[in-house]
Amino acid sequence: MPYIRPKRPTTEPAAVRWILISVALVFLGLFLVAPLVAVFVGAFSNGIGYYLHTLNNPATLSAIKLTAIAAGVSVPLNCIFGVAAAWAIAKFDFFGKNFLITLIDLPFSVSPVISGFVYVLVFGAQGWLGPWLIAHNIKIIFEVPGIILATMFVTFPFVARELIPLMQAQGRAEEEAARTLGASGWQMFWRVTLPNIKWGLLYGVILCNARAMGEFGAVSVVSGHIVGQTDTMTLYVQALYENYDQTGAFAVASVLTFLALMTIAMKEWVERKGATLAEAERKS
Amino acid sequence: MSLSRHRRVLPGFRLTLGFTLFYLGLVVLIPLAATFAKTGELTWHQFLRAVASPTALAAYRLSFGASFLAALVNAIFGLLVAWVLVRYKFWGKRLMDALVDLPFALPTAVAGITLASLYAENGWIGRWLAPMGIKVAYTQIGVFVALTFIGLPFVVRTVQPVLEDFDQEIEEAAATLGANRFKTFCRVILPMIFPALLTGFALAFARALGEYGSVVFISSNIPMKTQIVPVLIMNKLEQFDYPAATALAMVMLAVSFTLLLAINWLQWWNTRHYEQT
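Calculation notes
Residues numbered from 1 in each chain as written. Chains lettered and ligands numbered in written order. Predicted model: local features only at pLDDT ≥ 70, side-chain atom pairs only at ≥ 80, totals over all residues. Heavy atoms only, no water. Helix = DSSP H or I, 4+ residues; strand = E, 2+ residues; numbered from the N terminus. Buried < 20%, exposed > 50% of the residue type's maximum accessible area, 1.4 Å probe, protein only. Contact = heavy atoms within 4.5 Å. Areas by Shrake-Rupley, 256 points an atom, 1.4 Å probe, with all protein chains shown as cover. Salt bridge = Lys/Arg side-chain N within 4 Å of Asp/Glu carboxyl O. Patch = residues over 30% accessible without salt bridge, like charges linked within 9 Å, V, L, I, M, F, W, Y side chains within 5 Å. pLDDT = per-residue confidence, 0-100. 1 Å grid on protein atoms, 1.4 Å probe; cavity = no way out; pocket = protein on both sides within 12 Å on 5 of 7 lines; lining within 4 Å. Points joined across faces, edges and corners; volume = space filled by probe spheres on them. Nonpolar A, V, L, I, M, F, W, Y, C, P; charged D, E, K, R; others polar. Domains from an automatic or database assignment. Buried area = accessible area lost by both parts, 1.4 Å probe.

Draft legend 1. Quick peek at the overall build of chain A. Of regular secondary structure, chain A possesses 13 helices and 0 strands. Starting at the N terminus, the α and β elements of chain A follow one another as α-α-α-α-α-α-α-α-α-α-α-α-α. Projecting the C-alpha coordinates of chain A onto the three principal axes gives extents of approximately 85 × 65 × 30 Å. When burial is assessed residue by residue, chain A has 51% of its 284 residues classed as buried. In chain A, 72% of the contacts between residues at least 6 apart in sequence involve partners at least 24 apart. When the accessible surface of chain A is totalled, it reaches about 13,600 Å², and 66% of it is carbon and sulfur.

Draft legend 2. Structural context of the pattern of salt bridges. Tallied over the full model, the rule gives 16 salt bridges over all chains. Between B:Glu171 and B:Arg181 there is a salt bridge; the shortest N-O distance is 3.0 Å. Of the two residues, B:Glu171 sits in helix α9 (residues 168–176) while B:Arg181 sits in helix α10 (residues 181–210), which places them 10 residues apart along the sequence. Given a relative accessible area of 15%, B:Arg181 falls into the buried group. Linking B:Glu211 and B:Arg207 is a salt bridge whose minimum nitrogen-to-oxygen distance equals 2.9 Å. One connected set of salt bridges, linked through shared partners, spans A:Lys267, A:Glu271, B:Asp97, B:Asp101 and B:Arg157.

Draft legend 3. Main features of a nonpolar patch on the surface. Residues A:Trp128, A:Leu129, B:Phe22, B:Leu26 and B:Ile30 make up a contiguous nonpolar surface patch of roughly 490 Å² in combined accessible area. With respect to the secondary-structure elements, A:Leu129 resides in the loop between α5 (112–123) and α6 (130–135). Taking the relative accessible area as the measure of exposure, A:Leu129 reaches 38% and is therefore partly exposed.

Draft legend 4. Broad picture of the environment of A:Pro112. Structurally, A:Pro112 can be placed in helix α5. Measuring from C-alpha to C-alpha, the distance between A:Pro112 and A:Val219 comes to 8.4 Å, with 107 residues separating the pair along the chain. Once you skip the residues sitting within four places of it in the chain, A:Pro112 turns out to touch A:Arg211, A:Glu215, A:Gly217, A:Ala218 and B:Gly210.

Draft legend 5. A look at the confidence of the model for chain B. Residues and elements named next belong to chain B. Of all residues in chain B, 97% attain a pLDDT of 70 or more, and the chain-wide mean is 90. The spread of mean pLDDT over the elements of chain B runs between α9, the lowest at 85, and helix α3 (residues 54–87), the highest at 96. Throughout residues 1–6 the model reports pLDDT below 50, and contacts reaching past four residues in sequence, or to other chains, amount to 0 contacts. We note a pTM of 0.92 for the whole complex and an ipTM of 0.90 for its interfaces.

Draft legend 6. Seen up close, the layout of surface pockets. Residue and element names in this part refer to chain A. A volume near 530 Å³ is recorded for the second largest pocket. Taken together, 18 residues form the lining of the second largest pocket, with Leu166, Gln170, Asn196, Gly274 and Leu277 sitting closest to its centre. Every element with two or more residues in the lining of the second largest pocket is listed here: α8 (158–170), α10 (185–214) and α13 (246–283). For the lining of the second largest pocket, a count of residues per class yields 10 nonpolar, 4 polar and 4 charged.

Draft legend 7. Up close: the side chain of B:Thr246. By secondary structure assignment, the location of B:Thr246 is in helix α13 (residues 242–276). According to the relative accessible area criterion, B:Thr246 is buried, its value standing at 3%. Sequence-distant contacts of B:Thr246, that is, excluding residues within four places in its chain, are made with A:Phe117, A:Leu121, B:Thr35, B:Lys38 and B:Thr39.

Draft legend 8. Representation of the domain arrangement of chain B in the model. All names here are of chain B. What the domain assignment reports for chain B is domain 1 (1–39) and domain 2 (43–276). Computed over C-alpha atoms, the centres of domain 1 and domain 2 are 34 Å apart. On the domain 2 side, the residues contacting the 5 residues of domain 1 number 6 residues. Here domain 1 packs against domain 2, burying approximately 490 Å² in sum over the two surfaces, 92% of which is carbon and sulfur. Three residues, Thr35, Phe36 and Thr39, lead the burial of domain 1 against domain 2; their summed loss comes to 75% of the area buried on that side.

Below you can see the structure in the form of structure tokens.
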């Protein structure tokens, strides 16, 4: 009697597996791979010369600079905020803690257009501080400070959100031990807390930075849309696209896409690193 | 000598909580409060004319309808993708797993111009659909496509960890008791992952409702036809019609806060459901 290999009870027949994998791959190919390829094909459709010419344009360089400024201000500030908020929330007990966590998450649920608009209502000509700002000749809306503020709003929760659950899970024992052994507050922070949270912190910073560089709707509301002055990279993509320079738009977009791919690669790396460390800790 | 009950071993409570509240207030709460206050300055008539105009009603219909459909498609295909990524081995699996995050990382404006060019009548995908009489770019279907793209990671990333931790002994038990795979999936696996699936659906829906950047390029943004609510608000801002923009923003804020509460509750249910089983 021939040996019949018994079917494993917890998997599907090969044909079903094959069909499911194919459907998933077609879906991902259509929605993820096709756009990714299209960006780079579109960017180089007028040749490498035109590509380099677009990227070397003063307007492009100014857009890159403004995006770097917006991310360069908002990421460190939100990073400091994230560490402070996570410290207060994870290491102490106080009334209204869960409510505070919900408030920190608020910016995620607000539409980008509204995220920019709320600053117009505060700093705009008809806003709360508008008359005072005009009298003192301070320009925020339609200028660079508005773009920085809008970027701060949309990237607000990223670091805090990553650190709060991490520090809650780590508990208070190690820091308490450091204090008992006579470490000062800062010694404890630099030598105990920071090494414990560094991967989570890095993860949050990577996500925060990606969003800061890629934000479009919120900065679109508060930008003056002057090419070379108040256009970030994403706004410049729009300006080129609407001026019927599709290839130029895709050239700038390809830089942003490259940054997005870098973000994903770094995220994978940090995730793997974190997983290996957790594994090592379990074994020791 | 008695230790005060409130004495804490760890330092920095006042400093960090103080800074947290100060920064939260300055960046998030005061600007949001401005929207509430400005809405309060409107008369009822102004408010109603803005939020219940035919253009606004058409925009709500499209925003909610397209977001719902996009979240539904993402729930079905996201479950499938999560399942395939967790359970099967195939070539390119790790790359696909990493790529699922692309809609999170890619700026929405880039997604917008790319999808618009893919689905235009002469685009790579659009040219196959055009002979069938299906127009995607610059129509309501285009809005749906953009919203599906930006919501894609949510369901995959909420369902995936639950499937990874899933105890396969339960499936073995089901098989021993005579259930076939399909029945096991419907009766055993699906009920277990349902809270995670619903959470992912709600997250994708909430994200889609507020989306602006990707839609504005692939839609023709014609009022009453292909205009979503965020684009309508932007439109009012460009016309310096701040009262109307404020009123519409207020409606959207109310909707997103309700959704935020619902999602928080879902996540709580999700953890509890999972811990119980």
